[in-house]
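Residue-level listing of the chains:
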Amino acid sequence: MSLCQHLQAIETVVPVPANPVCTECLALGDTWVHLRVCQDCGHVGCCDSSKNKHATHHFQATQHPVVVSAEPGEQWAWCYVDSQMGEY
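Remember, predicted model here, so these are calculated numbers, not experimental data.

A. Up close: the overall build of the chain. Scanning the chain from terminus to terminus reveals three helices and five strands. Starting at the N terminus and ending at the C terminus, the chain contains elements arranged as α-α-β-β-α-β-β-β. A compact globule built from 88 residues would reach a C-alpha radius of gyration of about 12 Å, and the chain, at 12 Å, matches this within 12%. Each of the three principal axes of the chain carries a C-alpha extent, and together these read 40 × 25 × 20 Å. Within the span of the chain, comprising 88 residues, buried residues form 42% of the whole. Counting contacts in the chain only where the partners sit at least 6 residues apart, residues at least 24 apart contribute 44% of the total. Surface accessibility of the chain: about 5,200 Å² in total, with carbon and sulfur atoms responsible for 52%.

Structure (structure tokens):
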């Protein structure tokens, strides 16, 4: 299967911050399971396995389609629009 147009459009991956945190979870006094980085604006949000699902809420608010994993050793991207994963 070929990659969707959103994943194909990524030329340079927005880097994961040195010490990534979900600022929305911190503000709520909550924790997260894993973090994702928006490839349009660099927003860091918690994954859908986390209670608050801030990465998905960011997509719903902005329509920024692609996030990458902020987890060490993982090099994959997810397109919310096309529900497709790709490696980088």
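Don't stop here, the text continues.
B. Spatial organisation of the pattern of salt bridges. This structure, assessed with the given rule, holds one salt bridge. In this structure, Asp 30 and Lys 51 form a salt bridge, with 3.5 Å as the shortest nitrogen-oxygen distance. In this pair, Asp 30 sits in the loop between helix H2 (23-28) and strand E1 (35-38) while Lys 51 sits in the loop between strand E2 (44-46) and helix H3 (54-62), placing the two residues 21 residues apart along the sequence.

C. Inspection of the sheet that holds strand E5 (residues 84-87) at higher detail. The strand order across the open sheet built from five strands is E2-E1-E3-E4-E5, with neighbouring strands paired in antiparallel fashion. Strands at the two margins of the open sheet, each flanked by one partner only, are E2 and E5. Recorded for the sheet is a direction-independent mean angle of 35° between the axes of neighbouring strands. Bridge count between E1 and E2: three bridges; the pairing is antiparallel. Directly across from Val 37, in E2, lies its bridge partner Val 44. Here H3 sits on the sheet and contacts E1 and E2; the angle it forms with E2, its principal contact strand, is near 120°.

D. Structural view of the nonpolar core. Ranked by size, the top nonpolar core spans 13 residues in total, and within it Leu 7 and Leu 35 carry the most contacts. Elements supplying a minimum of two residues to this core: E1, E2, strand E3 (66-69) and strand E4 (76-79).

E. A look at H3. Buried residues of H3: His 54, Ala 55, Thr 56, His 58 and Phe 59, and no others. Buried residues along H3 sit in contact with H2, E1 and E2.

F. Structural context of the pairing of E1. Burial of E1 is two-sided: the residues Leu 35 and Val 37 facing one way and the residues Arg 36 and Cys 38 facing the other way are all buried. A loop of five residues connects E1 with E2, the two strands running antiparallel in sequence, and Gly 42 in this loop sits at a positive phi of about 85°. Alignment of E1 against E3, held across three bridges, turns out to be antiparallel. Looking at the pairing, Val 37 lines up with Val 68 of E3.

Parameters at a glance
- Residues numbered from 1 in each chain as written.
- Predicted model: local features only at pLDDT ≥ 70, side-chain atom pairs only at ≥ 80, totals over all residues.
- Heavy atoms only, no water.
- Helix = DSSP H or I, 4+ residues; strand = E, 2+ residues; numbered from the N terminus.
- Rg over C-alpha atoms; globule rule 2.2 N^0.38 Å.
- Buried < 20%, exposed > 50% of the residue type's maximum accessible area, 1.4 Å probe, protein only.
- Contact = heavy atoms within 4.5 Å.
- Areas by Shrake-Rupley, 256 points an atom, 1.4 Å probe, with all protein chains shown as cover.
- Salt bridge = Lys/Arg side-chain N within 4 Å of Asp/Glu carboxyl O.
- Pairing = 2+ DSSP bridges.
- Axes fitted to C-alpha atoms, helices over the stretch in contact; angles between N-to-C directions.
- Core = buried A, V, L, I, M, F, W, Y, C linked by side-chain atoms within 4.5 Å.

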